[in-house]
Amino acid sequence: MSTGFVWIVGAGPGDPRLLTLKAKECLEQADVVIYDRLITPSILAFARPTAELIYAGKTPNGNSQIHQSAINELLIAKAREGKKVVRLKNGDPFVFGRGAEEAEALANAGVPFEIVPGLSSVFAVPAYAGIPLTDRRYASNFAVGTGHCADGKPLPFKKLAKAETVVALMGVSELPKIVAELIEGGKDPRTPAAIIEWGTTPNQKTVVAPLAQLPEFAQRYQVQPPAVLVVGEVVRLRDKIAWCERKPLFGKRILIATTEGQTESLDRKLGDLGAEVIPLPVAKVAPVNDKETLSAAIELVLQGHYDWVVFTSPQGVRKFFEIAWQFNADARSFASIKFAVIGSSTGKELQRWGIRFDAMLANCTNGELTELLITQSIPSHETISSRVQQPVSRPLRLLLWRGHGTGEALAQLLKQAGVDVDEICAYRIVPNHLPSHYLTALLKEPVHIVIFADAPSVRAFFTVLGEELVARVLQNASTFALDFNTAQTAAQKGLTVSAIPEIDSLAEAIIQRLSKPNCLSKVEGN
């Protein structure tokens, strides 16, 4: 068997969106991910559900379920099995980590590897707290040290005190000693200082005080590792430029139960508002009919056989145009066809393919769409409530392009109204097998909001997670749905769900549901 490959990857300081593109690419390819304690769970969502996830974290006191030498041996062994391995480390693997030791072990074993740098918490965490390390008015240099030195070496902070800004990592347990050394090295006891716990994550907490009083306040406010200490006049700038903790969804985890690849725009919107978004692909699209059946139906569309094509989901839109484009079709090919969609997300997916819908309904059971389709035609700029007076001279011919288990009620309504309906069941949405270790890693922290992207995802959510995990996830979470049908399905499962199809409106509703006073944390000493 050929030798595999190891990437030693920096995951950044915690916020999943600070992960580099290269790191994301590595995770998407990995057969095995060996990750540290401080890795944000939602970062692991970039790995394939089939990837083997191995926890190799150390506690703040240095204890570990797996010794460093064993981690080195594990990397070598997995690579020799021919697997692609990601060694996922917090921050940057070469800054106060053991990335170099692991790379050396791989080199000695003849295992090919690559280093993927990550954003270091040295500067990223202070930035998220509104504290620059340099500013021409306050500091033109900075020094960095660690509160945990190998083999009993003395702490370096007496020497580092000469720098205008001093940063310390892994220093919570040694904070009194670090402060004492800085003052002994020449720092004014009144120098502004900040300690930032779990920086760039929903748990970020910042305590600010004069240097001499910082250990007292850190203890009072129960600051825990991981934390970054910043000492210097630059800390004063936080009053004006702190930004992350002022975002409306700062500190909130939002789980989106979805079908694979469905909610990127929603993820981005909620992330921009400060939330940590955890996409959970509980469902996936599976084929139903053979390609010949689907292709034959699309050929009829291109020949002008149908007056209307109706899509019931974004997945159906994608499947339709993936096949249609193989016929060298483009938007012009459908100039004589009218398109109707169920739900705003389906409409947006249709627009991504360069086509505007002529009618849209919120759900599949509303007779309003039937009433519209049996009239002659309407200008595309009019609303769904528009009506025309002239009846058609022949039955409308309509292709209902739907998924298995969806759209049957709509088809029945249309047929009862005299519409000539051809139904194509183009796909199935089925539960996506997610290994227990993957779910455990992703859902180890409580979530505040659960969003269901579609009705199949509601059903799959209960199937994939199981009763016990569902109860734990939903225990203190508010629930939302992206359309009426999804809310109805959730209600059948005993959930109270608000249906809000528009992303901006959904974001605003979540903000209102979670509204709270500004949580910017600052402690001033006497």
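Source: prediction; values computed, not measured.

Each value, and the rule that gives it
Residues numbered from 1 in each chain as written. Predicted model: local features only at pLDDT ≥ 70, side-chain atom pairs only at ≥ 80, totals over all residues. Heavy atoms only, no water. Pairing = 2+ DSSP bridges. Helix = DSSP H or I, 4+ residues; strand = E, 2+ residues; numbered from the N terminus. Contact = heavy atoms within 4.5 Å. Axes fitted to C-alpha atoms, helices over the stretch in contact; angles between N-to-C directions. Buried < 20%, exposed > 50% of the residue type's maximum accessible area, 1.4 Å probe, protein only. Parallel < 35°, antiparallel > 145°, perpendicular 65-115°, else oblique. Nonpolar A, V, L, I, M, F, W, Y, C, P; charged D, E, K, R; others polar. Salt bridge = Lys/Arg side-chain N within 4 Å of Asp/Glu carboxyl O.

K.L.:
When you look at the sheet that holds strand S15 (residues 359-361) in this model, what are you seeing that I'm missing?
P.N.:
Consider a sheet: its strands pair through backbone hydrogen bonds, and that pairing is either parallel or antiparallel. Taken in spatial order, the ten strands of this open sheet run S15-S14-S13-S16-S17-S12-S11-S18-S19-S20, and their pairing is mixed. Of all strands in the sheet, those with a lone pairing partner are S15 and strand S20 (498-499), marking the two edges. Helix H12 (residues 344-352) contacts strand S13 (308-311), strand S14 (338-342) and S15 of the sheet and is inclined by roughly 140° relative to S14.

K.L.:
What is the right way to look at the sheet that holds strand S3 (residues 52-55) in this model?
P.N.:
Strand order in the open sheet made by the five strands is S3-S2-S4-S1-S5, with parallel pairing throughout. Unpaired on one side and paired on the other, S3 and strand S5 (113-116) mark the two borders of the sheet. Across the sheet, the axes of successive neighbouring strands diverge by a mean angle of 15°, strand direction being ignored. Most of the contacts of helix H1 (residues 21-29) go to strand S1 (residues 5-10), to which it runs at about 140°, and overall it touches S1, strand S2 (32-35), strand S4 (84-89) and S5.

K.L.:
Please clarify how the environment of Ala161 should be interpreted in this entry.
P.N.:
For Ala161, the location among the structural elements is in the loop between helix H5 (157-160) and strand S7 (165-169). Given a relative accessible area of 5%, Ala161 falls into the buried group. A C-alpha to C-alpha distance of 9.8 Å links Ala161 and Gly232, two positions 71 residues apart in sequence. Residues contacting Ala161, with those up to four places away along its chain left out, are Val166, Leu182, Gly185, Gly186 and Lys187.

K.L.:
For this particular structure, what's the right way to read the packing of helix H10 (residues 291-302) against helix H11 (residues 314-324)?
P.N.:
Packed helices, taken two at a time, are described by the angle between their axes plus the distance between the axes. As a packed pair, H10 and H11 sit with axes 10 Å apart at the nearest point and diverge in direction by 80°. Comparing their axes, H11 and H10 come out roughly perpendicular. Of the residues in H11, those in contact with Leu294, Ser295, Ile298 and Val301 of H10 are Lys319, Phe320, Ile323 and Ala324. Across the contact of H10 with H11, the residue classes tally to six nonpolar, one polar and one charged.

K.L.:
In this structure, what is going on with the pattern of salt bridges? I would like to understand it.
P.N.:
Oppositely charged side chains are able to pair whenever their charged atoms sit close together. Tallied over the entire structure, the rule returns 27 salt bridges. In this structure, Glu101 engages Arg98 in a salt bridge whose closest nitrogen and oxygen atoms are separated by 3.8 Å. Here Arg220 ties to Glu216 by a salt bridge, and the two come within 2.9 Å at their closest N and O atoms. On the criterion of helical spacing, the pair formed by Arg220 and Glu216 is a turn pair, its members being four residues apart in helix H7 (residues 214-220). Arg220 gets classed as partly exposed once you look at its relative accessible area, which sits at 49%. Members of the salt-bridge network, linked through shared partners, are Asp36, Arg87, Lys89 and Glu102.

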